[in-house]
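The residues making up each chain are set out below.
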Amino acid sequence: MAVNYNNVKIHVSHLQKNFGKLEVLKDITTDIYEGEVVVILGPSGCGKSTFLRCINRLEDITAGDMVVDGNHMDDKKININKARENVGMVFQHFNLFNNLNVIDNLTLAPIQVKKMKKDEAKQLAMKMLGKVGLEDKAQAYPSMLSGGQKQRVAIARALCMNPDIMLFDEPTSALDPEMVGEVLNVMRELAEEGMTMVIVTHEIGFAREVANRVLFIYDGKILEEGTPQEVIYDPQTERAKDFFNKVL
Ligand code: ADP
Ligand code: MG
């Protein structure tokens, strides 16, 4: 699917985020377009997770603009829950409800937040489980699943809210190596279907194949930005060169 450069899904302008005196995001400006896959790279502690969390206002921003689907996320007048429905998020540690089976994990938000009928929510959940190849695990509890399966359930759960943007925060970092591929494959399919995706990952191969654009964040700023080829294989700054020398 081609990126639609006429439709800005996430507009970020001079974003700053402090935790008390700690200035984490210092000046982030970028636009992310419909259907675009943006991979964020950078050293540990540079603010990647904080940036993702600012997109759906899991963190309040300190200064600047964050506009998602036309919603100013720091506007106290918007319905933040409504705005968040469009933005799915997948975490490193899955964050499944361990006391609920898979199908109930998937139907909870559609029923409670979207007021969907139970039957309809179940149908939708089965469809999304099919998409991630786990229809046969509908009745299983998270503790019975492998890490890769848990993460695929987490993706299916996010998709049940019919988001038009998906955020991924190191979705494969907690997985055994042999399970990384199955999760990346699901993400690759989503990208091919035209989902707008912002992904923090250390999977350089995936970034190279799937990303339209890579942002290299360092010290709370975007230090390099461009195609994977440009940023990963031909970085311009010493800091990016140093980083990619270590990870490649
Ligand atoms: P990354 O995801 O790139 O590793 P983070 O966004 O998690 O980095 O963190 C960036 C910096 O912000 C780190 O110094 C971290 O300790 C700090 N930080 C993150 N969340 C909080 C918080 N809730 N309170 C205080 N400091 C935080
Ligand atoms: Mg992080």
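Predicted model only: the values in this text are computed from it and were never measured.

**Overview of the overall build of the protein**
Here's step 1: When helices and strands are tallied, the protein shows nine helices and ten strands.
Here's step 2: In summary, the protein has a C-alpha radius of gyration of 18 Å against a globular reference of 18 Å for 248 residues, a match within 12%.
Here's step 3: With the C-alpha coordinates aligned to their principal axes, the bounding extent of the protein is approximately 55 × 45 × 35 Å.
Here's step 4: In the protein, the proportion of contacts linking residues at least 24 apart, taken out of those at least 6 apart, comes to 67%.
Here's step 5: Surface accessibility of the protein: about 11800 Å² in total, with carbon and sulfur atoms responsible for 45%.
Here's step 6: Averaged over its 29 positive side-chain charges, the protein has a centre that lies 6 Å from the centre of its 35 negative ones.

**Brief notes about the UniProt feature "domain: ABC transporter" (unreviewed entry) in the protein**
Here's step 1: Within this numbering scheme, the UniProt entry marks residues 10–244 as carrying the feature "domain: ABC transporter" (unreviewed entry).
Here's step 2: Annotated as residues 10–244, this span is 37% helix and 26% strand, and its ends, taken at the C-alpha atoms, are 27 Å apart.

**Focus on the domain arrangement of the protein**
Here's step 1: Per the domain assignment, the segments of the protein are domain 1 (1–86 + 165–247) and domain 2 (96–162).
Here's step 2: Its C-alpha centre places domain 1 at a distance of 25 Å from the equivalent point of domain 2.
Here's step 3: Taken residue by residue, the interface counts 14 residues in domain 1 and 14 residues in domain 2.
Here's step 4: It is Glu85, Glu182 and Val186 in domain 1 that bury the most area against domain 2; as a group they hold 42% of the surface buried on that side.
Here's step 5: The interface formed by domain 1 and domain 2 holds two salt bridges in total.
Here's step 6: The interface formed by domain 1 and domain 2 contains three residue pairs in polar contact (both at pLDDT 80 or more).

**Examining the site of ligand 1**
Here's step 1: Taken together, Phe19, Leu22, Val24, Pro43, Ser44, Gly45, Cys46, Gly47, Lys48, Ser49 and Thr50 are the residues near ligand 1.
Here's step 2: A distance of 2.7 Å separates an oxygen atom of ligand 1 from a polar backbone atom of glycine 45.
Here's step 3: Take serine 49: an N or O atom from its side chain is 2.9 Å from an oxygen atom of ligand 1.
Here's step 4: Calculation on ligand 1 without its partners gives an accessible area of 570 Å², and the protein chains cover 58% of this total.
Here's step 5: Where the shell around ligand 1 is concerned, the elements lending two or more residues are strand 2 (22–34) and helix 1 (48–55).
Here's step 6: Top contributing element to the shell around ligand 1 by residue count: helix 1, with three residues.
Here's step 7: Its residues assigned to classes, the shell around ligand 1 comprises five nonpolar, five polar and one charged.

**Examining helix 3 (residues 102–112)**
Here's step 1: Among all positions of helix 3, only Val102, Ile103, Asn105, Leu106, Thr107 and Pro110 are buried.
Here's step 2: Of the surrounding elements, those touching the buried residues of helix 3 are helix 4 (118–131) and helix 5 (147–159).

**Considering helix 4**
Here's step 1: Over its 14 residues, helix 4 extends 20 Å from the first C-alpha to the last, a length consistent with the 20 Å expected when each residue adds 1.5 Å.
Here's step 2: If you check which residues of helix 4 are buried, you get Ala121, Leu124, Ala125, Met128 and Leu129. The arc enclosing the buried residues of helix 4, seen along the axis, measures out at 140 degrees, which places them on a common side. Along helix 4, the residues that are exposed and aim more than 90 degrees away from the buried face are Asp119, Gln123 and Lys127.
Here's step 3: At its buried positions, helix 4 is contacted by helix 3 and helix 5.
Here's step 4: At the exit of helix 4 stands glycine 133, carrying a positive phi of roughly 75 degrees.

What counts as what
Residues numbered from 1 in each chain as written. Chains lettered and ligands numbered in written order. Predicted model: local features only at pLDDT ≥ 70, side-chain atom pairs only at ≥ 80, totals over all residues. Heavy atoms only, no water. Helix = DSSP H or I, 4+ residues; strand = E, 2+ residues; numbered from the N terminus. Rg over C-alpha atoms; globule rule 2.2 N^0.38 Å. Contact = heavy atoms within 4.5 Å. Areas by Shrake-Rupley, 256 points an atom, 1.4 Å probe, with all protein chains shown as cover. Lys, Arg positive; Asp, Glu negative; His and termini not counted. Charge placed at Lys NZ, Arg CZ, Asp CG, Glu CD. UniProt positions renumbered as here; feature names shortened; annotations may be inferred. Domains from an automatic or database assignment. Buried area = accessible area lost by both parts, 1.4 Å probe. Salt bridge = Lys/Arg side-chain N within 4 Å of Asp/Glu carboxyl O. Polar contact = N/O pair within 3.5 Å; in protein donor to acceptor, adjacent residues only side chain to side chain. Near = heavy atom within 4 Å. Nonpolar A, V, L, I, M, F, W, Y, C, P; charged D, E, K, R; others polar. Buried < 20%, exposed > 50% of the residue type's maximum accessible area, 1.4 Å probe, protein only. Expected span 1.5 Å × (residues − 1). Arc of directions from axis to C-beta.

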